[in-house]
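Each chain, written out:
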Amino acid sequence: MTDPTFPVPRSDAGNVARQNPAFAVLSIFGRTLLPVFVTLFGLAALTFFIGRMLPIDPVASILGDNATQEAYEKMSRALGMDKPLWYQFGVYVKGILSFDFGDALTTGKPVMEDIARVFPATIELATLAIVIGTGLGIPAGVLSAMYRNSWLDNTIRFTGLIGYSAPNFWLGLMGLVLFYATLGWIGGPGRIDFIYEFDLEPVTGFHLIDSALAGNWEIFRNVFGHIILPASILGFGALAYISRMTRSFMIEQLAQEYIVTARVKGVSWARTVWVHAFRNVAVQVLTVVALSYAFLLEGAVLTETVFAWPGFGRYLTNALLVGDMNAVVGCSLLVGVIFVTLNLICDLLYRVFDPRTR
């Protein structure tokens, strides 16, 4: 007979937790959401204090070096620079909670308004790039693992090595020289030709979608001609990373005993690889794709600069060059939110598709 004073086993405690909705919610919050909030708060504090330690005077950036002392002190009080550092940080956090990062020095507009204006261009570019990188990278990685050490494997690995080694700005310049200046197959720098810029009514902020919704296929072709080369260059880099990681995951799976069992039972090699082995690495591959997408959304600075792409990376670079800390802080927090959110989504997918992690 069981002693009633004996402590409840861990498995029974887990059953009690599953039967108590309130406990389950608190458990999920403690294990998932709380670390996210702590991470974002730490990022906010880090960006704030780094911004205060940099040898950049925001007052001088606004007024210029020839401002009078009276004007300097008035602007300093308006920005709250005369207050203690802890008070400034409190005001800063309060502004973050209300999505108010102040006005950008480069444009004179609210930072959130600027980000909302430039971020769709980066999302559109990064999404097409990750579609290219994923659509080619995953099959390339699987085929490389299937035919390991063959000429196909060596070709895919060599191509991936080029994707890692070749600088994006060099590929962009060479692509413009060949496909735009010489062959005339694509559009030049920018998102759209100037003659079409005012004919496209912004609905979603994504030029491809807006032109398709309007049924204006001439503008759609023009926009596609501008985006295909930078997206392909970014997708080439993502392809190199995704194919290499997919190959590594698949080689590990193909060495497992269940693969030998499936082959002995007469399952075809292609079905064994794509149905059995790939299913076991799908979540890992999805994590690689999500992180690649996050890096692309962070802003491919050099690519956007070469192609005069009015996106997030170019906006952040210009803000850094002129010492616009309001814009820098806003962009830095957005990058942090992107990475944390995608990591959280991947963690949840792991728990859904892999019972061992529950």
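Residues numbered from 1 in each chain as written. Predicted model: local features only at pLDDT ≥ 70, side-chain atom pairs only at ≥ 80, totals over all residues. Heavy atoms only, no water.

(A) Focus on the pattern of salt bridges. Inspection of every chain in the model, using the stated rule, returns four salt bridges. Put simply, Glu 124 and Arg 191 hold a salt bridge, and the shortest N to O gap is 2.6 Å. Taken together, the residues span a long stretch of sequence, with Glu 124 in helix H6 (residues 111–146) and Arg 191 in the loop between helix H8 (168–182) and helix H9 (194–197) at a distance of 67 residues. Exposure class is identical for Glu 124 and Arg 191. Each is buried. Salt-bridge contacts for Arg 157 lead to Asp 153; the nearest nitrogen and oxygen are separated by 3.8 Å. Taken together, the residues Arg 157 and Asp 153, both in helix H7 (residues 151–165) and four residues apart, mark about one turn of the helix. Within this structure, Asp 153, Arg 157 and Arg 247 form a network of salt bridges that share partners. (Salt bridge = Lys/Arg side-chain N within 4 Å of Asp/Glu carboxyl O. Helix = DSSP H or I, 4+ residues; strand = E, 2+ residues; numbered from the N terminus. Buried < 20%, exposed > 50% of the residue type's maximum accessible area, 1.4 Å probe, protein only.)

(B) Up close: helix H5 (residues 85–97). Under the 1.5 Å per step criterion, the end-to-end length of H5 is 19 Å for 13 residues, consistent within 8% with the ideal 18 Å. Considered for burial, the residues of H5 that qualify are Gln 88, Phe 89, Tyr 92, Gly 95 and Ile 96. In an axial view of H5, the angular spread of the buried residues amounts to 120°, which keeps them on one side of the axis. Relative to its buried face, H5 has exposed residues pointing more than 90 degrees away, namely Trp 86, Lys 94 and Leu 97. Phi turns positive one or two residues past the end of H5, at Phe 99, with a value near 55°. (Expected span 1.5 Å × (residues − 1). Arc of directions from axis to C-beta.)

(C) Molecular detail of the nonpolar core. The biggest cluster of nonpolar side chains holds 65 residues, and the ones touching the most others in it are Tyr 92, Met 250 and Tyr 315. Mapped onto this core, the elements with two or more residues apiece are helix H2 (21–53), H5, H6, helix H11 (217–254), helix H13 (269–299), helix H15 (312–322) and helix H16 (325–353). Ranked by residues supplied to this core, first place goes to H6 with 13 residues. Apart from the residues within four sequence positions on either side, Tyr 315 is in contact with Ala 104, Thr 106, Val 111, Asp 114, Ile 115, Val 118, Ala 327 and Cys 331. Grouped together as the second largest cluster of nonpolar side chains are seven residues, Ala 166, Leu 176, Leu 229 and Ile 233 included. (Core = buried A, V, L, I, M, F, W, Y, C linked by side-chain atoms within 4.5 Å. Contact = heavy atoms within 4.5 Å.)

(D) Layout of empty space enclosed by the protein. A complete count under the given rule lists one cavity of 30 Å³ or more for this structure. Computed from the structure, the largest cavity encloses a volume of approximately 30 Å³. If you go around the largest cavity, the residues you meet are Thr 122, Leu 125, Ala 126, Leu 234, Leu 296, Ala 300 and Glu 304. For the lining of the largest cavity, the element with the highest residue contribution is H6, accounting for three residues. Grouping the constituent residues of the lining of the largest cavity by class yields five nonpolar, one polar and one charged. (1 Å grid on protein atoms, 1.4 Å probe; cavity = no way out; pocket = protein on both sides within 12 Å on 5 of 7 lines; lining within 4 Å. Points joined across faces, edges and corners; volume = space filled by probe spheres on them. Nonpolar A, V, L, I, M, F, W, Y, C, P; charged D, E, K, R; others polar.)

(E) Focus on unusual backbone geometry. At Asn 149, a position not held by glycine, the phi torsion is positive, near 65°. Residue placement: Asn 149 occurs in the loop between H6 and H7. If you check the backbone angles, Ala 308 has positive phi at about 50° while not being a glycine. Take Ala 308: it is sitting in the loop between helix H14 (301–306) and H15.

(F) Seen up close, H8. With 15 residues, H8 extends 20 Å from end C-alpha to end C-alpha; this agrees with the ideal 21 Å at 1.5 Å per step. Leu 176 marks the point of greatest bend in H8, at about 30°. For H8, the full list of buried residues reads Leu 171, Gly 172, Gly 175 and Leu 176. Contacts from the buried residues of H8 go to H11 and H14. Two residues or fewer past H8, Gly 184 is found with a positive phi of approximately 70°. (Bend = angle between axes of the 7 residues up to and from the residue.)

(G) Representation of the packing of H6 against H7 in the model. Between H6 and H7, the shortest axis-to-axis distance is 8 Å and the interhelical angle comes to 140°. Looking at the two axes, H6 sits oblique to H7. Handedness of the crossing formed by H6 with H7: left-handed. Across the interface between the two elements, Ala 140, Leu 143 and Ser 144 from H6 touch Leu 152, Asp 153, Ile 156 and Arg 157 from H7. Counted by class, the contact of H6 with H7 contains four nonpolar, one polar and two charged residues. (Axes fitted to C-alpha atoms, helices over the stretch in contact; angles between N-to-C directions. Parallel < 35°, antiparallel > 145°, perpendicular 65-115°, else oblique. Left-handed = near helix turned anticlockwise from the far one by under 90°.)

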